[in-house]
Amino acid sequence: RLEDRRKYRQEFASSTSFHGVHKIVQTQSSTRRVLWLLVVTGCLGIVIWQICSRFNYYFSWPTTTTVVVQHVENVKFPAVTFYKYFQELNGFLLGNQNFSIKEFTRENGFYLNGSTLLECEFFGKTCHPEDFEHIFTEYGNCFTFNYNDLPARSVSLSGRGLHLLFDVQQEQFTDDPALGYSDAGITFVIHSPKEMPRFDGLGLLTPVGMHAQVAIQQLKSIIQEYPWGECKPDIKLQYQDTYSTNGCLQECKAWYIQDWCGCSPFILPGNGIECDLMKSYNCVYPAIHDIEVKGLCTVGTHNSTCPAPCEETHYPTTVTYSSFGGENAIKYISAKLKKSPEYIRQNLVTIDIKYDDLSYRITQQQKALTIPELLADVGGQLGLFCGASMITIIELLEYIFTNFFWMCLFLLLKAPEIPQWNNPSHDQPTHVEKKKRIQEC
């Protein structure tokens with residue numbers, strides 16, 4: 001009945017935990033009723049505005065970045081990869097196509113052995129060429145110290161690390177200065193032992209006759225997954241255990257070249273057939289150019305081929321140079337190696353790599369607003385302006401459901417009074433049918 005509905009509404013308004021509503025219903029003064037109505041309406045409007053702004057902020061996927069410096073007793077040493085500039089004999093390659101470029105590079109390129117690695121010490125202990133892992137890169141033969149497959153190394157004292165003395169043996173150079181190969185020395189890159197080296201724009205060159213002092217730091221970056229960040233934790237690489245953008249790019253290029261040329265360049269990961277000379281010149285190089293022009297292997301964003309890794313370790317470096325040894329040192333080394341002082345100045349390179357201090361920095365990307373924080377924020381706005389809580393929301397839902405039920409009853413009771421325009425021959429429903437409709441509703 002209409003009277004029951006009016007009574008229910010009055011009881012709800014008087015007993016609800018939504019502050020201010022009972023003031024509107026119970027007060028006798030019209031002026032006070034209007035004032036309280038304005039107050040409740042204004043607070044409700046502010047709450048709706050604040051809640052909408054918080055939801056908009058949440059769905060903008062905001063993040064915050066924190067930098068933490070951790071001081072530790074020992075720090076894991078990074079991997080260090082060397083190579084020496086080397087260019088194959090183009091005329092020989094063009095005239096001899098039935099051989100493996102991979103094996104030719106391995107046998108004729110710069111190689112690390114007792115004659116090229118004259119001194120090697122890591123934290124006061126002697127190391128040997130066998131402690132370096134041979135890998136192929138776009139520069140030919142490279143050698144990695146502290147590779148992932150070898151026992152991991154760490155240091156427990158700053159100012160000490162890896163000491164190396166190389167003999168680059170310039171008399172064996174086959175570089176063509178006309179092609180831009182005019183440097184003589186050792187290029188190295190410092191990277192995580194779990195990642196492949198990347199030399200493009202990242203290599204540090206130490207020329208002959210110089211001593212390079214390299215101070216390094218460790219910087220860990222933690223990136224949130226999409227949509228907060230650009231990381232996608234479900235991406236796995238086929239030929240590497242740890243995901244990296246460089247490793248992903250290498251595999252992406254290898255996949256496209258394998259698909260286009262039916263073979264794989266030896267510097268890229270994969271188990272396919274090695275590309276011979278004709279395919280290298282006629283297919284592989286145009287394919288790499290096409291990949292770069294069309295942007296088939298992209299990096300950075302979450303929807304790119306190779307998005308940013310969720311966790312990555314960098315090693316910022318500071319390098320200082322000095323001339324290799326004084327006159328007495330050169331005379332001593334010349335007598336020891338049975339080489340002339342001029343040979344020492346033109347072929348020897350010294351590199352010292354050490355930590356600046358025993359600490360590492362963590363740059364961590366965090367969610368600026370989580371779901372529990374969002375709920376707490378919304379609840380705080382409701383409580384501050386309306387005194388509402390989860391119980392209040394349940395009360396409102398109960399009130400809406402009850403009014404809907406009564407409306408359904410009202411429509412069913414009034415339905416027989418509506419003319420049957422489409423089918424006037426039908427008889428009016430009986431009392432039993434009315435009762436049945438009410439029970440169904």
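Refer to the structure printed above.
Residues numbered from 1 in each chain as written. Predicted model: local features only at pLDDT ≥ 70, side-chain atom pairs only at ≥ 80, totals over all residues. Heavy atoms only, no water.

Caption draft 1: Region of the structure containing the overall build of the protein. Of regular secondary structure, the protein possesses 12 helices and 17 strands. Here the protein, with 441 residues, has 36% of them falling under the buried criterion. For the protein, the share of sequence-separated contacts (at least 6 apart) that also reach a separation of at least 24 residues comes to 75%. Accessible area for the protein stands at about 26000 Å²; split by element, carbon and sulfur atoms hold 55% of it. (Helix = DSSP H or I, 4+ residues; strand = E, 2+ residues; numbered from the N terminus. Buried < 20%, exposed > 50% of the residue type's maximum accessible area, 1.4 Å probe, protein only. Contact = heavy atoms within 4.5 Å. Areas by Shrake-Rupley, 256 points an atom, 1.4 Å probe, with all protein chains shown as cover.)

Caption draft 2: Molecular detail of the packing of aromatic side chains. Taken as a whole, this structure holds 13 aromatic pairs when the rule is applied. Between Tyr 58 and Trp 228 the ring centres are 6.4 Å apart and the planes differ by 75°, which places this aromatic pair in the edge-to-face class. In this pair, Tyr 58 is assigned in helix α3 (residues 30–58) and Trp 228 in the loop between β12 (210–222) and α6 (245–261), connecting sequence segments 170 residues apart. The two residues Tyr 58 and Trp 228 agree in class, both being buried. On the numbers, 6.4 Å between centres and 80° between planes, the contact of Phe 110 with Phe 143 is edge-to-face. (Phe/Tyr/Trp six-rings, centres within 6.5 Å; stacked < 30°, edge-to-face > 60°.)

Caption draft 3: Up close: the state of the cysteines. Per the stated rule, a full pass over the model turns up 6 disulfides. Across the disulfide, Cys 120 is cross-linked to Cys 127 (sulfur-sulfur distance 1.7 Å). Residues Cys 120 and Cys 127 are joined through a disulfide that is left-handed, its torsion about the S-S bond being -95°. Accessibility classification places Cys 120 together with Cys 127 in one group, the buried group. Here Cys 252 is linked by a disulfide to Cys 297, with a sulfur-sulfur distance of 2.0 Å. With the S-S bond torsion at -85°, the cross-link from Cys 252 to Cys 297 turns out left-handed. Residue Cys 252 is found in helix α6, and its partner Cys 297 is found in the loop between α7 (277–294) and β13 (299–300); the two are separated by 45 residues along the sequence. On the basis of relative accessibility, which here comes to 9%, the residue Cys 252 falls in the buried class. With relative accessibility at 13%, the residue Cys 297 sits in the buried group. (Disulfide = S-S within 2.5 Å.)

Caption draft 4: Spotlight on the side chain of Gln 218. With respect to the helices, strands and loops of the structure, Gln 218 is situated in strand β12. You can call Gln 218 buried: its relative accessible area is 7%. Looking at Gln 218, its side chain comes within polar contact range of the side chain of Tyr 355, at 3.3 Å. (Polar contact = N/O pair within 3.5 Å; in protein donor to acceptor, adjacent residues only side chain to side chain.)

Caption draft 5: Inspection of the pattern of salt bridges at higher detail. Under the definition given, this model contains 3 salt bridges. Residues Asp 377 and Arg 54 are paired through a salt bridge, measuring 2.4 Å at the closest nitrogen-oxygen approach. Pair noted here: Asp 377 is in helix α10 (residues 371–386) and Arg 54 is in helix α3, with a separation of 323 residues, a long-range link. Here Arg 54 falls in the partly exposed class, since its relative accessible area comes to 23%. (Salt bridge = Lys/Arg side-chain N within 4 Å of Asp/Glu carboxyl O.)

Caption draft 6: Representation of a nonpolar patch on the surface in the model. There is a patch of nonpolar side chains on the surface, built from Met 390, Ile 391, Ile 393, Ile 394 and Leu 397 and spanning about 500 Å² of accessible area. Among the structural elements, Ile 393 can be located in helix α11 (residues 390–414). Judged by relative accessible area, Ile 393 falls into the partly exposed class, the value being 35%. (Patch = residues over 30% accessible without salt bridge, like charges linked within 9 Å, V, L, I, M, F, W, Y side chains within 5 Å.)

Caption draft 7: Here's a closer look at the side chain of Asn 246. Tracing the backbone shows Asn 246 in helix α6. Among all residues touching Asn 246, those that are not within four sequence positions of it are Met 196, Pro 197 and Arg 198.

Caption draft 8: Spatial organisation of the nonpolar core. With 30 residues, the main nonpolar core has Phe 77, Leu 162, Ile 351 and Ile 353 as its most contacted residues. Elements that contribute at least two residues to this core include exactly β4 (117–122), β7 (140–145), β9 (161–167), β10 (185–191), β12 and β17 (348–367). Top contributing element to this core by residue count: β17, with 5 residues. (Core = buried A, V, L, I, M, F, W, Y, C linked by side-chain atoms within 4.5 Å.)

Caption draft 9: Expanded view of α6. For α6, built from 17 residues, the straight-helix expectation of 24 Å at 1.5 Å per residue is met to within 8% by its first-to-last C-alpha distance of 24 Å. Of all the residues in α6, the buried ones are Thr 245, Asn 246, Gly 247, Cys 248, Leu 249, Glu 251, Cys 252, Ala 254, Ile 257 and Cys 261. On the buried face of α6, the contacting elements are α7, β13 and β14 (306–307). Looking one or two residues past α6, Gly 262 carries a phi angle of roughly 75°, positive in sign. (Expected span 1.5 Å × (residues − 1).)

Caption draft 10: A look at the packing of α3 against α10. Packing of α3 against α10 leaves a shortest axis separation of 9 Å and a crossing angle of 170°. By the angle between their directions, the pair α3 and α10 is classed as roughly antiparallel. Residues Cys 43, Leu 44, Ile 46, Val 47, Gln 50, Ile 51, Arg 54, Phe 55 and Tyr 58 of α3 lie in contact with α10, whose contacting residues are Ile 371, Leu 374, Asp 377, Val 378, Gln 381, Leu 382, Phe 385 and Cys 386. Taken together, the residues that form the contact of α3 with α10 break down as 13 nonpolar, 2 polar and 2 charged. (Axes fitted to C-alpha atoms, helices over the stretch in contact; angles between N-to-C directions. Parallel < 35°, antiparallel > 145°, perpendicular 65-115°, else oblique. Nonpolar A, V, L, I, M, F, W, Y, C, P; charged D, E, K, R; others polar.)

Caption draft 11: Expanded view of α7. When the terminal C-alpha atoms of α7 are compared, their 25 Å separation across 18 residues agrees well with the 26 Å that a helix rising 1.5 Å per residue should span. Along α7, the largest kink reaches about 30° and is centred on Cys 283; proline Pro 286 follows within four residues of it. Along α7, the residues classified as buried are Leu 277, Ser 280, Val 284, Ala 287 and Ile 291. Positive backbone phi, approximately 65°, marks Gly 295, located one or two places after α7. (Bend = angle between axes of the 7 residues up to and from the residue.)

Caption draft 12: Representation of the pairing of β9. Within β9, 7 of the 7 residues are buried, leaving the element largely enclosed by the surrounding structure. In this sheet, β9 lies alongside β4 in antiparallel orientation, the contact comprising 5 bridges. Across the sheet, residue Glu 119 finds its bridge partner in β9, namely Leu 165. Looking at chain direction, β9 and β17 are connected through 7 bridges and run antiparallel. Residue pairing across strands places Asp 167 opposite Leu 348, the latter belonging to β17. (Pairing = 2+ DSSP bridges.)

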